[in-house]
Structure formats: C-alpha cells, structure tokens
Amino acid sequence: MSSSTPASVFDLDLRPGKPPMLSVATPDSVGWVAGHSDGLRAVVAEHGSVLLRGLGLGHAAEVIAVFHELAGLMTEKEAFAERRVYADGVYSSAKWPPNQPMCMHHELSYRLDFPGLMLFACLGAPSEGGATGVADSPAVLDALPPDLVARFEREGWLLVRNFTEEIGASVGEAFGTEDPQEVEDYCRANAIEFAWQPDGGLRTWQRRSALVRHPVTGVRCWFNQIAFLNEWTLAPEVREYLVDVYGPEGLPFTTRFGNGDEIGEDIVQLLNDIYEAKTAREPWQAGDLMLVDNIRTAHSRDPYDGPREVLVGMGDPVHLSDCSPTVEVSPE
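Residues numbered from 1 in each chain as written. Predicted model: local features only at pLDDT ≥ 70, side-chain atom pairs only at ≥ 80, totals over all residues. Heavy atoms only, no water.

A. Layout of the packing of aromatic side chains. Per the stated rule, a full pass over the model turns up 11 aromatic pairs. Each ring, one from Phe 80 and one from Phe 228, has its centre 5.2 Å from the other, and the planes form 90°; the classification is edge-to-face. With a gap of 148 residues between them, Phe 80 in the loop between helix H2 (60-70) and strand S3 (85-87) and Phe 228 in the loop between strand S13 (220-222) and helix H7 (236-246) connect regions that are remote in the sequence. Among the residues examined, Phe 80 registers a relative accessible area of 5% and is labelled buried. Among the residues examined, Phe 228 registers a relative accessible area of 2% and is labelled buried. Here Phe 152 and Phe 257 contribute two aromatic rings whose centre-to-centre distance is 4.8 Å and whose plane-to-plane angle is 25°, an arrangement assigned as stacked. You can see Phe 152 sitting in helix H4 (residues 146-155) and its partner Phe 257 sitting in strand S14 (residues 253-257), a full 105 residues away along the chain. Both residues of the pair, Phe 152 and Phe 257, count as buried. Aromatic ring contacts, followed pair by pair, group Phe 80, Trp 96, Phe 228 and Phe 253 into a single cluster. For the cation-ring pair, Arg 84 lies above Tyr 86, with the distance from its terminal atom to the ring centre recorded as 4.2 Å. Directly above the ring of Phe 257 sits Arg 151, whose terminal nitrogen or CZ lies 3.6 Å from the centroid. (Phe/Tyr/Trp six-rings, centres within 6.5 Å; stacked < 30°, edge-to-face > 60°. Helix = DSSP H or I, 4+ residues; strand = E, 2+ residues; numbered from the N terminus. Buried < 20%, exposed > 50% of the residue type's maximum accessible area, 1.4 Å probe, protein only. Lys NZ or Arg CZ within 6 Å of the ring centre and 35° of its normal.)

Written out as structure tokens, the structure is:
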C-alpha cells in the first residue's frame, strides 16, 4: 500500500464502546506509518479517531519520527499543567494526579490556535486503568439540552485562571516566558484579559466559542473545556482545599458562562454524564499509537495505577477563525 491508501482498504475493528482499532504487524513502525500516512488520516477523517496496535513503538526517538511522518507539530502554549518535553512539539501527558480522571476535553480549545490532530503513543502501560477515552463531539452536542446549547452558542464560555508557583502551570510554563511585558503582549495578541495581582501572580480571562464548525466537514461540534477545567469537576476534597487556601476567586482555573455567570455543579455533572455515555475506550498496551481529530472528537484520561508513559503530539494547527466561531474575539 502507498501513502494514498484509502481508509476503506484497512480492516478496522469497529466494536461498540471501543475506538476504531487497526491491528498492524511490522518490524518497521516508522516506515509502515510513512507508507500509510494518508490512509490513516483518512480513517481519522471518517471515524474521528483510530488506535493502532502492533506497531511495537519502543522508545521516544521512534515515536518522534512516527509523529513527524503523520503531522506538522505545534508548540504548546497556555498549558494548564506541567509536561516533560521530549522534542519540539512532543510532550509527556500533562502531570495530573493518577487517582483523578482527566475529563473529556478538546486540547487547547481555549486558544485562538489549537491542534487539528492529536497523536498519542504508549511506551509504558499502567497496571490498571489509564485509558485515553474518546467521544464524538457532534453526538455529545445532540444529547445536550437545546436551551443549554443555545445559551452557550450565544454567550460562549469563559476560562478564568490564576497562575501561581504552587499548582498548575506557572506563568513561564504557560507562556514560554516570565517577562511581564512579553506575557502582556501575548495576552493582548490572543484576546486574553489579564491583571497582575498584589502578590505578583497573574489572573487571566478569555472568552471563547463553545461550539464551532469543523473546518473540513462543516459539522457543528461541541468544542471546549467547560467541564474539564471547571471547579466542580475536581474531587470535592481537592476543591474544598483550594477554596480554603486561595479563596473562591483565586482558584487555579475554572470556567463560567460567557457573560461571567457561574456554571453550576448540576450543569457540570450533566456534561460529564453525557460525555461518559458517549465514551469509547480501550486499555493501552505498550507500543500502541492513537490518532484523534481534536475538533470532532474529545478525549479523556481515566485514573490509573502503576507507571504510565504516554507521549503526546499536537499536530496540524487550526485557527479559530476558520471554524465559524459563534462569539467574537478581538486580539489587539
């Protein structure tokens, strides 16, 4: 097969509750992916994601080479948590407590530029849990209450962040610089409101569309991190601790309606319940590769036990303006 292999040629396993899966047997993972890259991307375009099993990815250099065969990689900005950098555009999973889930989200959906394709490669599978789940965004949108969708379509959503050195990404990790003027310039250029706090910390607000249209298919997608970055998604004891230490307005991050109104615990629970009902998951095996359309498909990470090493690539950057946003943003 050549790199122009159509998606229909692959013998995909399309079992309910599982992501689309493709079994591969090759001693040359990089060469195989190079020869089938267009076909794999066609599978993602048709199904929203695909998990390849049998590539036998064994070390970071191999993963980096495979990622570069599949996509142009982008550098992460505005990170919400620390990552290890393996190479330009190739990272570890975000550092997040193993016993806490990372709920469904679309990577960097609060940015003006975000990945169109997410790439995941497992070098070390945990002993239990830790799957990267996927959920079809148009299906999630169809399951949401119409009045709630209409409000988010009209108002968008607001991400509020308080950068500290104690928890979450620091200013330097999020913006790639600790120079206040460079941070301010970045915020102005990316439609982010900001305020420096008396203790030297930084608070930011950014309003974004909760729904977009896929830049290729035009399909409406529920595209945001409203539930994942909301305070009510945190474990109750974690939220109570953070509120006690930082105050209700000083949380490292939370989300609100676009007009600034709080999003209630009931709404966050509803979003997470619908995501879970639409989730497909498969436990990682060492050597696996997973490709995810970041606009059409949300992804998550289950809690886990034991060491877990999953490398992440953010590919094919897309600009929000190419996705028919429903709220206006005004970079300076």
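That was the structure; now back to the text.
B. The arrangement of the pairing of S14 in detail. Of all the five residues making up S14, five are buried; the element is thus mostly covered by neighbouring parts of the structure. Strand direction decides the pairing type here: strand S9 (residues 157-163) and S14, joined by five bridges, are antiparallel. When the bridges of S14 are listed, Trp 157 appears paired with Phe 257. (Pairing = 2+ DSSP bridges.)

C. How the structure looks around the layout of surface pockets. Reported here for the largest pocket is a volume of approximately 420 Å³. Broken down by element, the residue count for the lining of the largest pocket peaks at three residues, all from H7. Of the residues in the lining of the largest pocket, the class split is 14 nonpolar, five polar and four charged. (1 Å grid on protein atoms, 1.4 Å probe; cavity = no way out; pocket = protein on both sides within 12 Å on 5 of 7 lines; lining within 4 Å. Points joined across faces, edges and corners; volume = space filled by probe spheres on them. Nonpolar A, V, L, I, M, F, W, Y, C, P; charged D, E, K, R; others polar.)

D. Geometry of unusual backbone geometry. Look at Glu 78: it is not a glycine, yet its phi comes out positive at around 65°. Here Glu 78 shows up in the loop between H2 and S3. Phi at Asp 316 is positive, roughly 50°, even though this residue is not glycine. Note on placement: Asp 316 falls in strand S19 (residues 309-319).

E. View of the side chain of Asp 293. Position of Asp 293 relative to the elements: it lies in strand S16 (residues 289-293). In terms of polar contacts, Asp 293 uses its side chain to reach the side chain of His 214, at 2.8 Å. Residues within four places of Asp 293 in sequence aside, it is in contact with Val 44, Gly 48, Gly 116, Leu 117 and His 214. (Polar contact = N/O pair within 3.5 Å; in protein donor to acceptor, adjacent residues only side chain to side chain. Contact = heavy atoms within 4.5 Å.)

F. View of the sheet that holds strand S17 (residues 297-301). Reading across from one edge, S5-S17-S8-S15 is the order of the four strands in this open sheet, with antiparallel pairing throughout. In this open sheet, the two edge strands, each paired with only one partner strand, are strand S5 (102-105) and strand S15 (279-280).

G. Fine view of the environment of Leu 311. Note that Leu 311 resides in strand S19. Residue Leu 311 is classed as buried on the basis of its relative accessible area of 0%. Note: C-alpha distance between Leu 311 and Val 63 (248 residues apart in sequence) is 7.8 Å. Discounting chain neighbours no more than four positions away, the residues touching Leu 311 are Ala 60, Val 63, Phe 67, Tyr 86, Val 90, Tyr 91, Leu 119, Phe 120, Ala 121 and Leu 123.

H. Up close: the nonpolar core. Ranked by size, the top nonpolar core spans 59 residues in total, and within it Phe 80, Phe 114, Phe 120, Phe 152, Trp 222, Ile 226 and Ile 295 carry the most contacts. If near-sequence neighbours (up to four positions away) are discounted, Ile 295 is found in contact with His 106, Phe 114, Gly 116, Ser 137, Val 212, His 214, Pro 215, Cys 221, Phe 223, Val 318 and Cys 323. Core analysis: the next-biggest nonpolar cluster, separate from the first, contains 28 residues, Val 44, Leu 57, Ile 64 and Tyr 86 among them. (Core = buried A, V, L, I, M, F, W, Y, C linked by side-chain atoms within 4.5 Å.)

I. Region of interest: empty space enclosed by the protein. Overall, the coordinates contain two cavities of 30 Å³ or more when judged by the stated rule. Space inside the largest cavity adds up to approximately 130 Å³. Taken together, 14 residues form the lining of the largest cavity, with Ser 93, Met 102, Phe 120, His 299 and Arg 301 sitting closest to its centre. The set of elements that each furnish at least two residues to the lining of the largest cavity consists of S5, S17 and S19. In terms of residues, the lining of the largest cavity owes the most to one element, S17, which gives three residues. Its residues placed into classes, the lining of the largest cavity shows five nonpolar, five polar and four charged. The computed volume of the second largest cavity comes to approximately 50 Å³. Looking at the second largest cavity, the residues that line it are Phe 80, Arg 161, Asn 162, Phe 163, Thr 164, Ile 167, Gly 168, Ala 169, Pro 252 and Phe 253.

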